[in-house]
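Inside the fold
One letter stands for each residue in the lines below.
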Amino acid sequence: MFFFKEGFNQAKFRRDIVGINKKVPLIKGGYKTCVNLDNAASTPVLRPVLYKVNEFMDWYSSVHRGTGFKSQVSTHVYDTAHTIVGEFVKADLKSNCVIFVKNATEAVNKISYRLGLSKDDIVLTTLMEHHSNDLPWRSKAQRVYVDVDGSGALDYTDLENKIKRCRGRLKLVSVSGASNVTGYKSDLSRIALMAHREGVPVLVDGAQLVPHSPLDMKPDRHPEHIDYLVFSAHKMYAPFGTGVLIGPRRTFLRDAPEYTGGGTINIVTRESVEWAGLPDREEAGSPNVVGAVALAAVIQYLSKQDMKSIENYEKELTSYILKKLKEIKGLRVYGENDPSRLQNRVGVVTFNLDGVPHGLVAAALAWEDGIAVRNGCFCAQPYLLNLLGLKQHQVSQLVFKKKTGDLSNMPGMVRVSLAAYNNRSDVDRLAACLQKIKSMAKSGQLAKRYTFSRQTGTYYPRDTKADPKDIFKFH
Ligand SMILES: Cc1ncc(COP(=O)(O)O)c(C=O)c1O
């Protein structure tokens, strides 16, 4: 499929974001336009995606099941969406297939079953992974973790050594394309070269990469080829529940799918089953055609805007945020914090503010100025504890404390994650609010305004009439 590139138009991109001008309540009363700096969790939706979904709804019907005309339309749309997704990341669709699931987590889980691993096999993953690219492997094979250095960057020498050391038993190298904690971007070509030299396939967790950088899986025989790729639509402006798994057709054809049922078969008798072709046999049950439409629509939108230009713009904004954060005394950025070193990173920036708990910083950003961020461990606890330099006995103490129901003083950070619709004024508001939080902490005002629950580990404003439960009603 060919997309005419219109070029990146940041002002238009921003205007196209649904809810960009939404006002949220503040602690002092009144409302202010929100700033969303929590895109690594989920991005908002792009209006053209919403329009495309609405346009489709007149034709919405069953997929691969009905004889009605609408069913035929829905089936065609759903099948075409697979092609659009595969072409976006330059997968060779003759030998590889695109499988739609719920999200990136389900995609990693699915492939962890479909590789047919045994307990003696090894999956080499890294210390910087999201839990979704760590936990699914734990029950299937032995895991070996590649080290990271003090700034959270992958240790490629360790990677190479471990690939060699695991020779014979190593079945997969599974790495994140970009970290959801430090924004660190792995050198995927280098990793693929190392793994393929030993005949081992590579899986890339593209959840934080695909929405922000062009990605080329490369032809199957290319030494830098990415064998498996997973990512999520809700992190790329299409929050309608689609995850993507791309991989070699042969992987999925060799035995029965881990989920079976409607849609997965050609013939069933009392005694035997003949599985359907791909991707049907891997997409059990009625599929999420609306999610597929949304993902295909967003890919068309991003392709027209041009992923390379989006990447460049986000780099420039990342440089700007790093400069602004450097001006705040007592603020420590984890990972690469040099505004001129942007080669190996995306716009995810985590930090702590001296003397102010991360949960309090995050709550104050939301309630003082309507700025949405995230705090905590970001589903990457091993990486985070490493970056914070916690020793094993400290971790054990924390685990014990948590078990007793006391969530005070839990380790964590504040995370800001940028997307193409954010701009310098969003960053300026963040920086100004952090300065304000610093002085409020110093004067003791923060402690007066916010209260902490040990049971939930969350800070709440002491005195506000705004209640999220009052905002959206189903009746
Ligand atoms: C790097 C990375 N991998 C995987 C996931 C899981 O994505 P999902 O929640 O869509 O399953 C996330 C989510 O934040 C992530 O950041």
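Parameters at a glance
Residues numbered from 1 in each chain as written. Predicted model: local features only at pLDDT ≥ 70, side-chain atom pairs only at ≥ 80, totals over all residues. Helix = DSSP H or I, 4+ residues; strand = E, 2+ residues; numbered from the N terminus. Rg over C-alpha atoms; globule rule 2.2 N^0.38 Å. Buried ≥ 20, exposed ≤ 12 C-beta atoms within 10 Å, placed from the backbone. Contact = placed C-beta atoms within 7 Å. pLDDT = per-residue confidence, 0-100. Domains from an automatic or database assignment. Nonpolar A, V, L, I, M, F, W, Y, C, P; charged D, E, K, R; others polar. Core = buried A, V, L, I, M, F, W, Y, C linked by C-beta atoms within 7 Å. Pairing = 2+ DSSP bridges. Axes fitted to C-alpha atoms, helices over the stretch in contact; angles between N-to-C directions. Parallel < 35°, antiparallel > 145°, perpendicular 65-115°, else oblique. Left-handed = near helix turned anticlockwise from the far one by under 90°. Expected span 1.5 Å × (residues − 1). Near = placed C-beta within 6 Å.

1. A closer look at the overall build of the chain
- Scanning the chain for helices and strands turns up 15 helices and 19 strands.
- For 475 residues, the compact-globule estimate of 2.2 N^0.38 gives 23 Å, and the C-alpha radius of gyration of the chain, at 23 Å, lies within 12% of that figure.
- Considering only C-alpha atoms, the chain reaches an extent of 75 × 55 × 45 Å along its principal axes.
- In the chain, which comprises 475 residues, the proportion classed as buried is 45%.
- Pairs at least 24 residues apart make up 73% of the contacts formed inside the chain by residues separated by at least 6 positions.

2. A word on the confidence of the model for the chain
- Summary statistics for the chain give a mean pLDDT of 96 and a share of 99% for residues scoring 70 or more.
- Here helix α13 (residues 392–403) stands out as the least confident element of the chain, with mean pLDDT 87; strand β9 (residues 228–232) is the most confident, with 99.

3. Describing the domain arrangement of the chain
- Assigned domains of the chain: these are domain 1 (10–39 + 306–470) and domain 2 (49–304).
- When each unit is reduced to the centre of its C-alpha atoms, the spacing between domain 1 and domain 2 is 29 Å.
- Taken together, the elements giving at least two residues each to the side of domain 1 that touches domain 2 come down to α10 (307–326), β14 (348–353) and α12 (381–387).
- Of the residues that constitute the side of domain 1 that touches domain 2, the class distribution is 14 nonpolar, five polar and five charged.

4. Some words on the nonpolar core
- One finds Ala238, Leu295 and Val298 to be the most contacted residues of the largest nonpolar core, which totals 129 residues.
- With eleven residues, the single largest contributor to this core is helix α9 (residues 289–305).
- Two domains each donate at least three residues to this core, and these are domain 1 (10–39 + 306–470) and domain 2 (49–304).
- Among all residues touching Val298, those that are not within four sequence positions of it are Leu46, Val49, Ala233, Met236, Tyr237 and Ala238.

5. Structural notes on the pairing of β14
- Here β14 lies mainly inside the structure; six of its six residues are buried.
- Every second residue of β14 is oriented toward a common face, with Val348, Thr350 and Asn352 on one face and Val349, Phe351 and Leu353 on the other, all of them buried.
- Here strand β13 (residues 331–334) pairs with β14 via four bridges, running antiparallel. Pairing of Tyr334 across the sheet is with Thr350, part of β14.
- Pairing analysis gives four bridges linking β14 to strand β17 (residues 413–417), with the strands arranged antiparallel. Its bridge partner lying in β17, Phe351 is registered against Val414.

6. Observations regarding the sheet that holds β17
- On the basis of which strands lie adjacent, the open sheet formed by four strands has the order β13-β14-β17-β16 and antiparallel pairing. With partners counted over all chains shown, the strands left at the sheet margins are β13 and β16 (374–376), one partner each. If you compare each strand with its neighbour and ignore which way they point, the axes differ by 30° on average.
- Alignment of β16 against β17, held across three bridges, turns out to be antiparallel.

7. Remarks on unusual backbone geometry
- A cis amide bond links Leu278 with the next residue in sequence, Pro279, at an omega value of 5°.
- Tracing the sequence through the fold places Pro279 in the loop between β12 (273–275) and α9.
- The phi torsion at Asp306 lies on the positive side, around 85°, for a residue other than glycine.
- Relative to the elements of secondary structure, Asp306 occurs in the loop between α9 and α10.
- The backbone of Cys379 shows a phi angle near 55°, a positive value even though the residue is not glycine.
- Among the secondary structure elements, Cys379 is positioned in the loop between β16 and α12.

8. Looking at the packing of helix α2 (residues 47–57) against α9
- Packing of α2 against α9 brings their axes to within 9 Å, and their N-to-C directions diverge by 140°. Comparing the axis directions of α2 and α9 gives the class oblique. Of the two elements, α2 crosses α9, and the hand of that crossing is right-handed. Here Pro48, Val49, Lys52, Val53 and Phe56 of α2 come into contact with α9, specifically with Val290, Val293, Ala294, Ala297, Val298 and Tyr301.
- Here the residues of the contact of α2 with α9 sort into ten nonpolar, no polar and one charged.

9. What about the environment of Val146?
- Tracing the sequence through the fold places Val146 in strand β6 (residues 142–146).
- A count of 24 C-beta atoms within 10 Å places Val146 in the buried class.
- C-alpha separation for the pair Val146 and Leu127, spaced 19 residues apart in sequence, amounts to 6.0 Å.
- Apart from residues lying up to four places away in sequence, Val146 is in contact with Leu124, Thr126, Leu127, Leu154, Asp155, Asp158, Leu159 and Lys162.

10. Points about the sheet that holds strand β4 (residues 96–101)
- The seven strands are arranged β4-β10-β9-β8-β7-β5-β6 in an open sheet whose pairing can be described as mixed. For this open sheet the edge positions go to β4 and β6, each flanked by a neighbour on one side alone. Taken pair by pair, the neighbouring strands of this sheet meet at an average axis angle of 20°, ignoring direction.
- Bridge analysis of β9 against strand β10 (residues 243–248) gives four bridges, and the strand direction is antiparallel. Paired with Val230 across the strands is Leu245, a residue of β10.

11. Some details on α13
- The terminal C-alpha atoms of α13, which comprises twelve residues, lie 17 Å apart, in line with the 16 Å expected from a rise of 1.5 Å per residue.
- Note on α13: the residue one or two positions beyond its end, Gly405, has a positive phi of about 85°.

12. Observations regarding the site of the ligand
- Neighbouring residues of the ligand: 14 residues in total, closest Asn103, Thr105, His130, Asn180 and Ser232.
- Grouping the amino acids of the shell around the ligand by side-chain chemistry returns three nonpolar, ten polar and one charged.

13. Re the environment of Gly261
- Inspection of the secondary structure puts Gly261 in the loop between α8 (249–253) and β11 (265–268).
- Taking the C-beta count within 10 Å as the criterion, Gly261 has 10 such neighbours and is therefore assigned exposed.
- In the structure, Gly261 is positioned 23 residues away from Ala284 in sequence and 5.7 Å away in space, judged by C-alpha atoms.
- What Gly261 contacts, discounting residues up to four positions off in sequence, is Ala284 and Gly285.

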